[in-house]
Amino acid sequence: MLPSTRATLIGALAVALWSGLALLTVATAPMPPFLLCAASFAIAGLAGLGWIAAGPGFGVLAGVPLRAYVVGTAGLFGFHALYFSALRLAPPAEAGLISYLWPLFIVLGSGLLPGERLRPAHVAGAALAFAGAALLLAPSGHGTAGAGVLTGYGLAFLCALTWAAYSLASRRLAAVPTAAVAVNCLATAALAGLAHLALETPAAPATPAGWLAVLGLGLGPVGLAFFAWDAGVKRGNIQLLGTLSYAAPLASTLWLVLAGRAQASATLGIAAALITAGAALAAAGGRRRRAR
């Protein structure tokens, strides 16, 4: 298997893990967002340190430049801070859809990276996949938006730009080892903890299963996922990864349906077809480019 193909598969693992984010988050209620962010990223960072100690060793972090930690921490914390704030001000469906513009921004912005070329198939595939995500998450309407709601929409848009910029910047920092993500997670946990102390009232999960969900978040969607995504965007097919990311909201909804938290509908089937077609089209464009 080619190294780039292997890295792309690892990056796709992150998308699969992110599909469980909503279901696990629901189970942690009423834990406030920044406290949940601090706890889950602390678990992720400590697990990452354990992996470094057992694997490559801490010496691998010796040559990591400061800007890599700044970019990584800003991406992880900035995305979640903007996302949680957006959902406080705006209806979750609309804010979630706007924040999920980031895969489209990744696919389109990847054409600006050295050695990459944006092809019509990438644009068409991203558009199809975005149509599927939009169909899945489109709201039924909430009337006239007030100033607070519009601010929430703006924060959600900045959220999308933040994650896309982080992912594209990570591509430029391909020489930085993925082990550095552990430090970024711990720094994010510290910043989220400070935000919690300043803005929130502490509250614990309502059930023992909620604590298991916190652990699951730290080890999965907020843990291994970021290590896998880092490896994928640095050494894999970033256009394909950006398009495949549209599968996350679909898979997340399917998990909610299976858990009885949402109802199945024909919309899910149509969205699945659009997302799958978009990913296949982008993948075909990438294969043609490599063949030539």
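Not measured: the values here are computed from a predicted model. (Residues numbered from 1 in each chain as written. Predicted model: local features only at pLDDT ≥ 70, side-chain atom pairs only at ≥ 80, totals over all residues. Heavy atoms only, no water.)

Overview of a nonpolar patch on the surface
Together, Phe157, Leu158 and Leu161 give the surface a local cluster of nonpolar side chains, amounting to about 250 Å² of exposed area. Looking at the element boundaries, Phe157 is found in helix α8 (residues 147–172). (Patch = residues over 30% accessible without salt bridge, like charges linked within 9 Å, V, L, I, M, F, W, Y side chains within 5 Å. Areas by Shrake-Rupley, 256 points an atom, 1.4 Å probe, with all protein chains shown as cover. Salt bridge = Lys/Arg side-chain N within 4 Å of Asp/Glu carboxyl O. Helix = DSSP H or I, 4+ residues; strand = E, 2+ residues; numbered from the N terminus.)

What to know about the packing of aromatic side chains
Enumeration over the complete set of coordinates arrives at 13 aromatic pairs. Aromatic side chains Phe105 and Phe157 sit 5.8 Å apart centroid to centroid with 80° between the ring planes, which places their arrangement in the edge-to-face category. Here Phe105 is found in helix α6 (residues 102–109), whereas its partner Phe157 is found in helix α8, with 52 residues between them in sequence. According to the relative accessible area criterion, Phe105 is partly exposed, its value standing at 21%. Aromatic side chains Trp163 and Tyr166 sit 4.7 Å apart centroid to centroid with 45° between the ring planes, which places their arrangement in the tilted category. Linking Trp163 with Tyr166, this pair stays in helix α8, spanning 3 residues, or about one helical turn. Comparing Trp163 with Tyr166, the two get one shared label, buried. Linked through ring pairs, Trp18, Phe41, Phe79, Tyr83, Trp102, Trp163, Tyr166, Phe226 and Trp229 together constitute an aromatic cluster. (Phe/Tyr/Trp six-rings, centres within 6.5 Å; stacked < 30°, edge-to-face > 60°. Buried < 20%, exposed > 50% of the residue type's maximum accessible area, 1.4 Å probe, protein only.)

Looking at helix α9 (residues 180–199)
For α9, with 20 residues, the first-to-last C-alpha span of 29 Å sits near the 28 Å given by 1.5 Å per residue. Among the residues making up α9, those that are buried are Ala180, Val181, Ala182, Asn184, Cys185, Thr188, Ala189, Ala192, Ala195 and His196. Packed against the buried residues of α9 are α3 (33–54), α4 (66–89) and α10 (208–235). (Expected span 1.5 Å × (residues − 1). Contact = heavy atoms within 4.5 Å.)

Some points on the pattern of salt bridges
Applying the stated criterion across every chain yields a total of 1 salt bridge. Across the pair Asp230 and Lys234 runs a salt bridge, and its minimum N-O distance is 3.1 Å. Separated by 4 residues within a single helix, Asp230 and Lys234 lie in helix α10, roughly one turn from each other. The same class applies to Asp230 as to Lys234, namely buried.

Some points on the UniProt feature "domain: EamA" (unreviewed entry) in the protein
In the numbering adopted here, UniProt assigns the feature "domain: EamA" (unreviewed entry) to residues 9–137 and 151–282. Helix makes up 80% of residues 151–282 and strand 0%. Its end C-alpha atoms lie 33 Å apart. (UniProt positions renumbered as here; feature names shortened; annotations may be inferred.)

Re the nonpolar core
Judged by nonpolar contacts, the single largest core of 65 residues is most densely connected at Trp18, Phe41, Trp102, Trp163, Phe226 and Trp229. No other element matches the 9 residues that α10 contributes to this core. With residues near it in sequence (within four places) discarded, Phe226 still touches Trp18, Phe41, Leu76, His80, Trp163, Val181 and Pro221. Among the nonpolar cores identified, the runner-up in size contains 5 residues, and Ala90, Ala95, Tyr153 and Ala156 belong to it. (Core = buried A, V, L, I, M, F, W, Y, C linked by side-chain atoms within 4.5 Å.)

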